[in-house]
Amino acid sequence: MSVKSSPLIWTNEKEIMLLREVLVSQPHQFKEKTPKRGEKWQQIADNLNKSDQFNNKASTRAVREKTNALIHAFRQTQRAELAATGISPDPTEKEVLCEEICLQIDEFTRILAESGKAAKDVEKDKLLGEDIRQKAMESQSQTLKRKSESSDEEVLKKRRSSGSDAVCFLREKSEADVKMREKELEVQNQRLQLEATKIQNDQNNFINMFALMSNQMQQNQQMTLNIIERLTNSDKGENGQ
């Protein structure tokens, strides 16, 4: 038959030990119901259980609930005393510890609220930045699309223009080639005509020269015959005398 362990009984001394651990460990620096805060309450319970006064009876839930109860009672008592007399009597060690823990809680609550607001602002700015970036990307995409469409149109125009230019170039080149060929043929014909004229002139010169030489030869022959005839007649005259 198992023997049930006796429950933890809180005394003033145990409450002071608890408040000292809470003040040092500062569990309220982390958000409520988070693993980090749970680890701090577990650390406080483990440290208290090392003492013979707690005898391993301090659980995480027990130390957390007792701390909350002490802080709540301190705030209520402090408000009541200030409202009744306007002054606060000399505090006990427990009250000093509770006051310090309250200051920690208020400061950590403010910091967590500001960090939460900052986180929300960061998230808001992030969402706003993403929205602006998305709109910018959409605008850039539309701009690129317009540029792409414009570029495609320009490419088509250039291709059409290039095709038309190519046809014009080929036509002009063909016409230029024809003109060049006509000029070459004209020059060649002129050269042939000059050569033919030269040949004809050479032939005419040769004929004229040949005729001149023939005429000269005939004249020479005639002169020779005349000389021979005169010599012959002269010899006959001398013999007749």
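The name given to the protein in an unreviewed UniProt entry is Myb-like domain-containing protein, with the source organism recorded as Clytia hemisphaerica.

Trainee: Help me get a handle on unusual backbone geometry, residues and values and all.
Mentor: Positive phi, normally seen in glycine, also occurs at Gln-26, with a value near 55°. Its place among the elements puts Gln-26 in the loop between α1 (12-25) and α2 (35-49). Among the residues examined, Gln-26 registers a relative accessible area of 26% and is labelled partly exposed. Of note, the phi angle at Asn-56 is positive, near 60°, even though the residue is not glycine.

Trainee: Outline the nonpolar core, supporting the account with residue identities and numerical values.
Mentor: Leu-18, Leu-48 and Val-63 are the most contacted members of the largest nonpolar core, which has 21 residues in total. Breaking this core down by element, the ones donating at least two residues are α1, α2, α3 (60-85) and α4 (93-240). Leaving out residues up to four positions away in the same chain, Leu-18 has contacts with Trp-10, Ile-44, Leu-48, Val-63, Lys-66, Thr-67 and Leu-70.

Trainee: Please set out the pattern of salt bridges residue by residue, giving values where relevant.
Mentor: Throughout the structure, instances matching the rule amount to 7 salt bridges. Put simply, Lys-94 and Glu-15 hold a salt bridge, and the shortest N to O gap is 2.4 Å. Here the residue Lys-94 occupies a position in helix α4, and Glu-15 occupies one in helix α1, the gap between them amounting to 79 residues. Both residues of the pair, Lys-94 and Glu-15, belong to the buried class. As a salt-bridge pair, Glu-93 and Arg-20 come within 2.6 Å of each other at their nearest N and O atoms.

Trainee: Tell me about the packing of aromatic side chains, and name the residues and values.
Mentor: Scanning the model with the defined rule gives 1 aromatic pair in all. Taking 5.7 Å as the distance between ring centres and 70° as the angle between the ring planes, the aromatic pair formed by Trp-10 and Phe-54 counts as edge-to-face. Of this pair, Trp-10 sits in the segment before α1 while Phe-54 sits in the loop between α2 and α3, placing them 44 residues apart in sequence. The ring of Phe-54 carries the charged tip of Lys-14 above its face, separated from the ring centre by 5.8 Å.

The rules behind the values
- Residues numbered from 1 in each chain as written.
- Predicted model: local features only at pLDDT ≥ 70, side-chain atom pairs only at ≥ 80, totals over all residues.
- Heavy atoms only, no water.
- Helix = DSSP H or I, 4+ residues; strand = E, 2+ residues; numbered from the N terminus.
- Buried < 20%, exposed > 50% of the residue type's maximum accessible area, 1.4 Å probe, protein only.
- Core = buried A, V, L, I, M, F, W, Y, C linked by side-chain atoms within 4.5 Å.
- Contact = heavy atoms within 4.5 Å.
- Salt bridge = Lys/Arg side-chain N within 4 Å of Asp/Glu carboxyl O.
- Phe/Tyr/Trp six-rings, centres within 6.5 Å; stacked < 30°, edge-to-face > 60°.
- Lys NZ or Arg CZ within 6 Å of the ring centre and 35° of its normal.

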